[in-house]
Each structure stands twice: as C-alpha cells, then as structure tokens.
Amino acid sequence: MLRFLAVVLNSGGGVVRDTKSNEIQMKELGEFESKELAIDNACAQLKCEHITNGVIVRGNHTGGFMVCDTQEFAAL
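Residues numbered from 1 in each chain as written. Predicted model: local features only at pLDDT ≥ 70, side-chain atom pairs only at ≥ 80, totals over all residues. Heavy atoms only, no water.

**Quick look at the sheet that holds strand E4 (residues 55-57)**
Put simply, the rule reads: Whether two strands pair depends on DSSP finding at least two bridges between them. Comment: elements are numbered from the N terminus, with helices defined as DSSP H or I runs of at least four residues and strands as E runs of at least two. Fitted lines through C-alpha atoms give the axes, limited to the stretch in contact for helices. The angle between two N-to-C directions lies from 0 to 180 degrees. Here, residues are in contact when the closest pair of their heavy atoms is within 4.5 Å.
Spatial strand order, E2-E1-E5-E4-E3: 5 strands in an open sheet with antiparallel pairing. Every interior strand has two partners, whereas the edge strands, strand E2 (26-32) and strand E3 (49-52), have only one. The sheet shows a mean angle of 30 degrees between the axes of neighbouring strands, direction not considered. One ladder, built from 3 bridges, connects E4 with strand E5 (residues 64-69); its direction is antiparallel. Bridge pairing links Ile56 to Phe65 in E5. Packing of helix H1 (residues 35-46) onto the sheet brings it into contact with strand E1 (2-9), E2, E3, E4 and E5, and relative to E2 it is tilted by some 135 degrees.

This is how it looks when you write it as structure tokens:
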C-alpha cells in the first residue's frame, strides 16, 4: 500500500505554495493499493473530475489537484 496526496493546483495548472512558508499545499488522501483507487477516492472526497495522468479538476476552471504518491511528491 502506498500513501497518496493531492497537490493543490491553481486555475492555470500551477502548483500552489503557501505564501509564508513556500511549502507546497496538499491534502492527505490516505493509503491505497493503486494510483487508480487513490484517484477515484480523491474525486469523491474533493468533488472533482479526473482528466488525465492523476490531474483532477473542479468545475468552472477554478483549479484542482494532482494525485501523487509520497515518492512523486518528494520529487516536486
């Protein structure tokens, strides 16, 4: 099982960082057996729609999230 996170994306698709600490903003999703299960769960939790490669978006071009495991997150 891998631990997955949802990295916050702005409406232009860029990674959102905290203005004071400059840390990447993210939400913990939990542990899942596959990225597909993590994406399905994230869509339900965050009320988003999966578009491609783990990127899920909210309606009306208001940004979204990129679902990644902890190793992928460390590379950001």
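Anyway, onward from the coordinates.
**Brief notes about H1**
The cut-off we apply is this: Under the convention used throughout, the expected extent of a helix is 1.5 Å for every residue step, that is, one less than its residue count. Note on exposure labels: buried denotes an accessible area under 20% of the residue type's maximum, exposed denotes more than 50%, and partly exposed covers the range between, all computed with a 1.4 Å probe on protein chains only. For this quantity, the arc is that covered by the directions from the helix axis to the C-beta atoms.
Taking 1.5 Å as the rise per residue, H1 with 12 residues should run 16 Å; its terminal C-alpha atoms sit 16 Å apart, in good agreement. Every buried residue of H1 is listed here: Ala38, Ile39, Ala42, Cys43 and Leu46. Looking down the long axis of H1, one finds its buried residues gathered within 135 degrees of arc, a one-sided arrangement. Across from the buried face of H1, at angles greater than 90 degrees, the exposed residues are Glu36, Asp40 and Ala44. Contacts made by the buried residues of H1 are with E1, E2, E3, E4 and E5.

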